[in-house]
Amino acid sequence: MKQYIVLLAFFMISAKASAQKVDPQKNATSTDSLFNSMNTEDKNAAVVVFESPRLILTQTTETIKKKNFNVIIIHRFGDLAGTVGGGKSSFGLDNIADVYIGFQYGLTNNLNIEIGRSAIPTVGGLAGLELKYAVVHQTNDSSSPIAISLIGETGLRPYNTFANFSDRVSYFGEVVFARKFSHSFSLEIAPSIVQNNLPIPDLPGSSHSVFSMSAAARLKVSKLMGVIVDYAHSFSSFGAANGFSDPLGFGIQTVTGGHVFTINITNTKAASEINYLSKTTSDYSRGQYRIGFTISRMFDFNHKESYNPKR
């Protein structure tokens with residue numbers, strides 16, 4: 001029942017926000033202008049739906065420009081409450097659930113490659129190679145009312161013992177649909193599939209394939225700060241029968257020039273979609289939620305300053 005309440009909340013907010021028209025000039029800031037260059041060289045044509053390639057759980061439709069380099073760091077601490085949280089673990093700050101470091105590069109304005117590593121074996125450490133392609137951009141003239149991006153990833157599990165090398169490999173595919181309804185409100189939905197060569201977890205009845213639907217929304221409370229809700233529902237009969245939980249996160253995002261910083265609370269331990277869509281068992285009702293953060297730092301190699309000996 002919880003997942004339907006969350007999804008209903010998304011669409012009620014979007015219905016209210018859709019009455020507002022996107023005005024790229026009104027309330028625009030220098031930071032908005034910086035991120036307007038992420039998707040296209042024609043800054044008057046495309047809309048930046050989200051200011052970062054990632055939110056709390058879900059990736060966005062945004063791609064970085066050609067020859068840009070983006071460093072992504074995702075950190076999740078231990079349980080804030082529950083049997084292993086509370087004051088005895090400094091409310092989870094003494095423990096680490098997962099850490100992800102990713103390096104994203106713009107091959108073109110619409111095609112990015114990312115190499116990343118989730119290094120904590122307790123949640124199934126993962127080394128990943130990802131391609132992300134922006135198929136359609138939302139435009140200011142409404143000729144394209146939504147943005148669409150495709151994501152494909154191959155993940156390799158470096159830890160534990162496997163009978164065959166192929167058992168270490170998993171695959172992830174996702175289509176992200178996003179729209180900026182107003183200067184303040186953006187919404188996206190993303191159907192996805194995880195394909196594990198070895199079922200995760202490897203138990204009777206567990207499937208190789210996990211189908212999911214994600215939804216995320218951001219509501220700006222100021223020019224540079226917004227509130228984010230990020231949710232994923234897995235259509236896994238095995239998970240439903242064995243007490244798995246739907247990943248759900250709440251956060252505050254701040255944009256500071258080339259940085260995008262998000263501090264959040266979520267019930268999932270894992271940072272990678274392959275891991276958290278396959279086996280999230282932590283539950284808010286048991287105090288199994290944690291503080292985390294995501295940092296995105298952009299480096300632009302398109303503009304090289306010429307040497308001036310008189311300076």
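What counts and how
Per chain, residues are indexed from 1 in the order of the written sequence. Whole-chain, interface and lining totals are the exception, using all residues; otherwise, since this is a predicted model, local features are given only for residues with pLDDT of at least 70 and side-chain atom pairs are given and counted only at 80 or more. Excluding hydrogens and water, the side-chain figures rest on all heavy atoms present in the structure. Numbering of helices and strands runs from the N terminus, with a helix taken as a DSSP run of H or I at least four residues long and a strand as a DSSP run of E at least two residues long. Each residue is placed in one exposure class: buried if its accessible area under a 1.4 Å probe, protein chains only, is under 20% of its type's maximum, exposed if it is over 50%, and partly exposed if it falls in between. In this description, contact between two residues means that some pair of their heavy atoms is separated by no more than 4.5 Å. pLDDT is a per-residue confidence score from the predictor, ranging from 0 to 100. By convention a nonpolar core is built from buried Ala, Val, Leu, Ile, Met, Phe, Trp, Tyr and Cys residues, the set being connected through side-chain atoms within 4.5 Å. Criterion for a salt bridge: a side-chain nitrogen of Lys or Arg within 4 Å of a carboxyl oxygen of Asp or Glu. Only when DSSP finds a minimum of two bridges between them are two strands counted as paired. Angular values range over 0 to 180 degrees, each being the angle between N-to-C directions of two axes fitted as lines to C-alpha atoms, with helices fitted over their stretch in contact.

A. Up close: the overall build of the protein chain. Across its full length, the protein chain carries four helices and 12 strands. Sorting the 311 residues of the protein chain into buried and exposed places 50% on the buried side. Across the protein chain, contacts joining residues at least 24 apart in sequence account for 60% of those joining residues at least 6 apart.

B. Structural detail: the confidence of the model for the protein chain. Confidence along the protein chain averages 84 in pLDDT terms, with 83% of residues attaining 70 or more. Here residues 1-9 scores under 50 on pLDDT; set against residues more than four positions off or in separate chains, the count is seven contacts. When the criterion is pLDDT under 50, residues 306-311 qualifies, and its contacts beyond four places in sequence or with other chains add up to two contacts.

C. Focus on the nonpolar core. Counting 23 residues, the largest nonpolar core has F172, V194, Y276 and L277 as its most contacted members. Counting only elements with at least two residues in this core, the list comes to β5 (147-156), β6 (169-180), β7 (185-196), β8 (209-220), β9 (225-234) and α4 (273-279). The residues contacting F172, other than those within four sequence positions of it, are I151, G152, E153, S192, I193, V194, E273, I274 and L277.

D. The arrangement of the pattern of salt bridges in detail. Going through the model one piece at a time under the given rule, you end up with five salt bridges. The salt bridge involving R54 is made with E114; its shortest N-O contact spans 3.2 Å. Of this pair, R54 sits in the loop between α2 (30-36) and β1 (68-77) while E114 sits in strand β3 (residues 111-118), and the two are 60 residues apart along the sequence. Taken as a pair, R54 and E114 share a single burial class, namely buried. With its nearest N and O atoms 2.1 Å apart, the salt bridge here joins D79 to R290. On the criterion of sequence distance, the pair formed by D79 in the loop between β1 and β2 (96-106) and R290 in strand β12 (residues 290-300) is long-range, its members being 211 residues apart. Of the residues examined, R290 reaches a relative accessible area of 0% and is grouped as buried. Three or more residues joined by partner-sharing salt bridges are found here, namely E51, R218 and K220.

E. Region of the structure containing unusual backbone geometry. The linkage connecting I200 with the following residue, P201, adopts the cis geometry, with an omega of -5 degrees. Structurally, P201 is set in the loop between β7 and β8. Unlike most non-glycine residues, S90 shows phi in positive territory, near 55 degrees. Inspection of the secondary structure assignment puts S90 in the loop between β1 and β2. With phi around 55 degrees, F91 is a residue other than glycine that occupies positive phi space.

F. Here's a closer look at the sheet that holds β12. With respect to topology, 12 strands assemble into a closed barrel ordered β1-β2-β3-β4-β5-β6-β7-β8-β9-β10-β11-β12, the strand pairing being antiparallel. Neighbour-to-neighbour, the strand axes of the sheet open up by a mean angle of 20 degrees, direction not taken into account.

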